[in-house]
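# Examination of the molecular architecture
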Amino acid sequence: MTTLLVVVMGVSGSGKSTVGQHLAASLGQVGGVTKALFLDADDYHPETNKLKMCRGIPLTDSDRIPWLSELRQTVRNIASESNNTATTTVIVLACSALRRMYRQLIVDRQEGQQPLLYNTVFVYLKCSKDLLEQRLAARNGHFFNPALLSSQLSALEEPDPRLEPANSAVITV
């Protein structure tokens, strides 16, 4: 029936996974929502990306674009399945989505594909560098090397509702 994609975005340590999990659980309790799913983009990184980040090597566009394309296809598959039934699905995706072109890639169709099957809301988790550094220092067992925070902050293009992809809205928290 309908699908809404909520992309919880921000740099590493901003709380994307935590907020995204809580948001998906809460939205699953809202009347009219048949299904609420949580996807963590970190789970879709190939091992090569994880190894680079662990070693403190920033990812390039050529590292990120195949990963983002896979995320887009996963969301499209879920939306297509949902739209062929009488369900209302909310997909909450925790993803850095640092640059506008990455956000465009997540939501836009590729040439020759059918039109978008969902609307999108970007929830941008904006944090101070000090808070991010504290969170990353306290985090254990994650592949992201805290030394990469500066490169993520440099790459970040804060979302601007006037410039984001069509059929999307931006909420800054």
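Criteria and cut-off values
Residues numbered from 1 in each chain as written. Predicted model: local features only at pLDDT ≥ 70, side-chain atom pairs only at ≥ 80, totals over all residues. Heavy atoms only, no water. Buried < 20%, exposed > 50% of the residue type's maximum accessible area, 1.4 Å probe, protein only. Helix = DSSP H or I, 4+ residues; strand = E, 2+ residues; numbered from the N terminus. Contact = heavy atoms within 4.5 Å. Core = buried A, V, L, I, M, F, W, Y, C linked by side-chain atoms within 4.5 Å. Pairing = 2+ DSSP bridges. Salt bridge = Lys/Arg side-chain N within 4 Å of Asp/Glu carboxyl O.

## Quick notes on helix H4 (residues 100-107)
- When H4 is considered as a whole, its buried residues turn out to be Tyr 102, Arg 103, Leu 105, Ile 106 and Val 107.
- Buried positions along H4 lie against strand E1 (2-9), helix H3 (61-83), strand E3 (88-94) and strand E4 (119-124).

## Focus on the environment of Val 123
- Position of Val 123 relative to the elements: it lies in strand E4.
- Exposure remark for Val 123: the relative accessible area of 10% places this residue in the buried category.
- Distance from Val 123 to Val 7, taken between C-alpha atoms, is 6.0 Å for residues 116 residues apart in sequence.

## Let's talk about the nonpolar core
- Leu 5, Leu 68, Leu 93, Cys 95 and Ile 106 are the most contacted members of the largest nonpolar core, which has 35 residues in total.
- Of all the secondary-structure elements, those providing two or more residues to this core are E1, H3, E3, H4, E4 and helix H5 (129-138).
- Tallying contributions element by element places H3 first for this core, with six residues.
- If near-sequence neighbours (up to four positions away) are discounted, Ile 106 is found in contact with Leu 5, Leu 68, Arg 72, Leu 93, Cys 95, Ala 97 and Tyr 118.
- Core analysis: the second largest hydrophobic core is formed by nine residues, Val 33, Val 90, Val 121 and Leu 125 among them.

## Considering the pairing of E3
- Buried residues dominate E3, accounting for seven of its seven residues.
- What you see with E3 is no split at all: Thr 88, Val 90, Val 92 and Ala 94 on one side and Thr 89, Ile 91 and Leu 93 on the other are buried throughout.
- Judged from the seven bridges that link them, E1 and E3 form a sheet pairing that is parallel. Paired with Leu 4 across the bridge in E3 is Val 90.
- Summarising the sheet, strand E2 (residues 35-40) and E3 pair through six bridges and their orientation is parallel. Counterpart to Lys 35 in the pairing with E3 is Thr 89.

## With respect to the pattern of salt bridges
- Under the definition given, this model contains seven salt bridges.
- The partner of Asp 61 in a salt bridge is Arg 99, and the shortest N-O contact between them spans 3.0 Å. Here Arg 99 lies in the loop between E3 and H4 and Asp 61 lies in helix H3, a separation of 38 residues in the sequence.
- You can call Arg 99 partly exposed: its relative accessible area is 23%.
- Close ionic contact of Glu 158 with Lys 126 constitutes a salt bridge, the shortest N to O distance being 3.5 Å. Remark: Lys 126 occurs in the loop between E4 and H5 and Glu 158 occurs in the loop between helix H6 (149-155) and strand E5 (168-172); sequence separation between them is 32 residues.
- Take Glu 158: its relative accessible area is 39%, and that puts it in the partly exposed class.

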